[in-house]
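Chain by chain, the residues:
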Amino acid sequence: MKEKIKQLTFPWTSNYDSSINSFYVQKNNKLLINNLIDESNNEDILIFGSESSGKSYLLQALSNHYAAKGKSSTYIPLGKIMHLDESIFDSLQYLDLICIDELNLIQDDTKWQKSLFNLLNNSINFECKIIFAATAVNTLSFSMKDFDSRLRRLDYFELNNIKDENLLDALR
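Residues numbered from 1 in each chain as written. Predicted model: local features only at pLDDT ≥ 70, side-chain atom pairs only at ≥ 80, totals over all residues. Heavy atoms only, no water.

**Q** In this structure, what is going on with the overall build of the protein chain? I would like to understand it.
**A** Assigned secondary structure in the protein chain consists of five helices and five strands. Overall, the protein chain shows an N-to-C arrangement of helices and strands of α-β-α-β-β-α-β-α-β-α. Counting the 172 residues in the protein chain, one finds 47% classified as buried. Partitioning the intrachain contacts of the protein chain with sequence separation of at least 6 by distance along the chain shows that 78% fall at a separation of at least 24. Put simply, the protein chain shows about 9300 Å² of open surface, and 47% of that area lies on carbon and sulfur atoms. (Helix = DSSP H or I, 4+ residues; strand = E, 2+ residues; numbered from the N terminus. Buried < 20%, exposed > 50% of the residue type's maximum accessible area, 1.4 Å probe, protein only. Contact = heavy atoms within 4.5 Å. Areas by Shrake-Rupley, 256 points an atom, 1.4 Å probe, with all protein chains shown as cover.)

Encoded structure:
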C-alpha cells in the first residue's frame, strides 16, 4: 500500500496560481496536455521545448492540478536545488506526481543523475508519475549511461511555442 505524503516543504517558491485551464493549448500541443492530465496513465514523460515555451508554467500547473484533486505532487526546479544535497529526492516516490524542471542542467553531474535514476526506479513500485522538462532533446546527453538510456525510453513530447497567428487567442 502506498504511504501518502501530505505536504512537503522545499526551499523555493512555486507558482500556485498556475493552472491547466489557463494554459493556452494549440492543436499541436493537445496530445501532450491530454497525456499529462490523464491520471490513469502512469508513464513517465519528458517534455522538451525552447526556454520560452512554457514548460515551467505547465509543470507547476500540472502539480497544482493534481493537488486540487487531492493527490500529492511537487514541482522541483533543478536550477534552484543544485546547491543542496542530492538526497532531496529520497522517498519522493511516495508522491502521486513529481515534476522535475531544467533536466539539462545535470548533464555532466553524475551524483544528481544517480539520484534521479534511483528515483525513477523506486517510483515504478509506487505508481508515481514523473514528468521531466528540458530544452532541445536532441542535444540532451547524460554522462551516466544507465540514466541516459532510461530517459531515452520515456515518452517524449515537444511543447511548441505559441504561433504568431494564435497570440491574440492566447491572450484572451
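Resuming the write-up.
**Q** Any chance you could explain helix H1 (residues 30–37) here in plain terms?
**A** Along an α-helix, residues three or four positions apart point the same way, because every turn accommodates 3.6 residues. Residues of H1 that are buried: Leu32, Ile33, Asn35 and Leu36. On an axial view of H1, the arc spanned by its buried residues comes to 165°, and they lie on one face. Buried residues in H1 make contact with strand S1 (45–48), helix H2 (55–68), strand S4 (129–134) and strand S5 (155–158). (Arc of directions from axis to C-beta.)

**Q** Explain unusual backbone geometry to me, please; I cannot follow it from the model alone.
**A** Glycine aside, residues mostly have negative phi angles, and peptide bonds mostly take the trans form. Not every positive phi belongs to a glycine, and serine 91 is a case in point at roughly 75°. Here serine 91 lies in the loop between strand S2 (73–77) and strand S3 (97–101). You can call serine 91 partly exposed: its relative accessible area is 38%. Although it is not a glycine, glutamate 102 sits at a positive phi angle of roughly 65°. Tracing the chain through its elements places glutamate 102 in the loop between S3 and helix H3 (110–124).

**Q** Can you walk me through the packing of H1 against H2 in this structure?
**A** The description of two packed helices rests on the angle between their axes and on the distance between the axes. Running from N to C, H1 and H2 point in directions that differ by 35°, and their axes come no closer than 11 Å. In this structure, the crossing between H1 and H2 has a hand that is right-handed. Of H2, the residues touching H1 (which contributes Leu32, Ile33, Leu36 and Ile37) are Leu58, Leu62, His65 and Tyr66. (Axes fitted to C-alpha atoms, helices over the stretch in contact; angles between N-to-C directions. Left-handed = near helix turned anticlockwise from the far one by under 90°.)

**Q** Honestly, the pattern of salt bridges in this entry has me stumped. Any pointers?
**A** Should their charged atoms come close, side chains of opposite charge can pair. Following the criterion strictly, the structure yields four salt bridges and no others. Note that glutamate 39 and lysine 69 form a salt bridge whose closest N and O atoms lie 4.0 Å from each other. One end of the pair, glutamate 39, is in the loop between H1 and S1; the other, lysine 69, is in the loop between H2 and S2, and 30 residues separate them in sequence. The exposure class of glutamate 39 is partly exposed, given its relative accessible area of 26%. Where lysine 71 meets glutamate 39, a salt bridge forms, and the shortest distance between an N and an O atom there is 3.7 Å. Pair noted here: lysine 71 is in the loop between H2 and S2 and glutamate 39 is in the loop between H1 and S1, with a separation of 32 residues, a long-range link. (Salt bridge = Lys/Arg side-chain N within 4 Å of Asp/Glu carboxyl O.)

**Q** Please clarify how the sheet that holds S5 should be interpreted in this entry.
**A** The strands making up a sheet associate through hydrogen bonds between their backbones, and the pairing can be parallel or antiparallel. Taken in spatial order, the five strands make up an open sheet running S2-S3-S4-S1-S5, and their pairing is parallel. Single-partner strands in this sheet number two, and they are S2 and S5. Sheet twist, expressed as the mean angle between neighbouring strand axes with direction ignored, is 15°. Here S3 pairs with S4 via four bridges, running parallel. From the neighbouring strand, isoleucine 100 faces S4, where its bridge partner is phenylalanine 132. Contacting S3 and S4, H3 runs over the sheet at an angle of about 150° to S4. (Pairing = 2+ DSSP bridges.)

Keep in mind that these numbers describe shape and distance, not what the molecule does.
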